[in-house]
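Observations on the three-dimensional arrangement
Here is how the chains run, residue by residue.
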Amino acid sequence: MKPHMSALHEELPDLATMMSWDPHPLAAEDVPSLDPEMLRAQAEGWLRYHQNFWAWEELNRVHEKEGYEAAWPLVLALIEMASEHALCAIGAGILEDMLRQHGNAIIERVEERAAADRRFRICLSNVWPVLPEPIWERVVRARGNEPQRG
């Protein structure tokens, strides 16, 4: 054991117990039981997620390395093809990141797109208020009557 950990262990002798403590243990009767169909659906969802996670990583790579200009058409294509649930993730994810990092550069195109596209407004309604105030105010106006979802 390294010296600094040894000193910590002396101060907190039950450290190992504290690190493994579960504040919300499930009682045996509360453990969910999944029938074979539910297990199969769970396994398929897990596989689909992990087989496609590269797409999320690639979109973020494009945004980070190639810039918002390269990522913008990808975001628009995603919004066009996305389910309602996916619109939430796009808004709270890449669109919010782009607005936070490049708000002044992209806010006009965001406003234009929102004026013409309800799906974009739904996506925009999932952006959280973590933006500079002037950009946030424009986002709120651009989403129109769509309620804050994020």
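Our subject is the structure listed above.
Overview of the structure. On a predicted model such as this, the values are computed, not experimentally measured, just so you know. (Residues numbered from 1 in each chain as written. Predicted model: local features only at pLDDT ≥ 70, side-chain atom pairs only at ≥ 80, totals over all residues. Heavy atoms only, no water.)

Now for the pattern of salt bridges. If you walk through the whole model with that rule in mind, you get ten salt bridges. A salt bridge links Arg100 to Glu96, with the shortest nitrogen-to-oxygen separation between them at 3.5 Å. One end of the pair is Arg100 and the other is Glu96, both in helix α5 (residues 84-116) and four residues apart, which spans about a single turn. Residue Arg100 is classed as partly exposed on the basis of its relative accessible area, which comes to 38%. A salt bridge links Arg149 to Glu146, with the shortest nitrogen-to-oxygen separation between them at 2.9 Å. Among the charged side chains, a salt-bridge network with shared partners connects Glu58, Arg61 and Glu66. (Salt bridge = Lys/Arg side-chain N within 4 Å of Asp/Glu carboxyl O. Helix = DSSP H or I, 4+ residues; strand = E, 2+ residues; numbered from the N terminus. Buried < 20%, exposed > 50% of the residue type's maximum accessible area, 1.4 Å probe, protein only.)

Where helix α3 (residues 36-66) contacts α5, the two axes come as close as 11 Å, and the packing angle between them is 10°. Of the possible angle classes, the one that applies to α3 and α5 is roughly parallel. Contacts from Leu59, Asn60, His63 and Glu64 in α3 reach Ile94, Asp97, Met98, Gln101 and His102 in α5. (Axes fitted to C-alpha atoms, helices over the stretch in contact; angles between N-to-C directions. Parallel < 35°, antiparallel > 145°, perpendicular 65-115°, else oblique. Contact = heavy atoms within 4.5 Å.)

Aromatic ring pairs: the centre-centre distance and the angle between the two ring planes describe each pair. Within the structure shown, the criterion is met by three aromatic pairs. Aromatic rings pair up to connect Tyr49, Phe53 and Trp56 into one cluster. The ring centre of Trp72 lies 5.5 Å from the NZ or CZ of Arg109, which sits over that ring. (Phe/Tyr/Trp six-rings, centres within 6.5 Å; stacked < 30°, edge-to-face > 60°. Lys NZ or Arg CZ within 6 Å of the ring centre and 35° of its normal.)

Further remarks concern helix α7 (residues 133-142). Residues of α7 that are buried: Ile135, Trp136, Val139 and Ala142. Taken down its axis, α7 places every buried residue within 125° of arc, on the same side. For α7, exposure combined with an orientation more than 90 degrees from the buried face picks out Pro134 and Arg141. Where α7 is buried, its residues touch α5 and α6 (118-124). Two residues or fewer past α7, Gly144 is found with a positive phi of approximately 60°. (Arc of directions from axis to C-beta.)

Now for the side chain of Asp97. The residue Asp97 is located in helix α5 in this model. Beyond its immediate stretch of four places on either side in the chain, Asp97 contacts Asn60 and His63.

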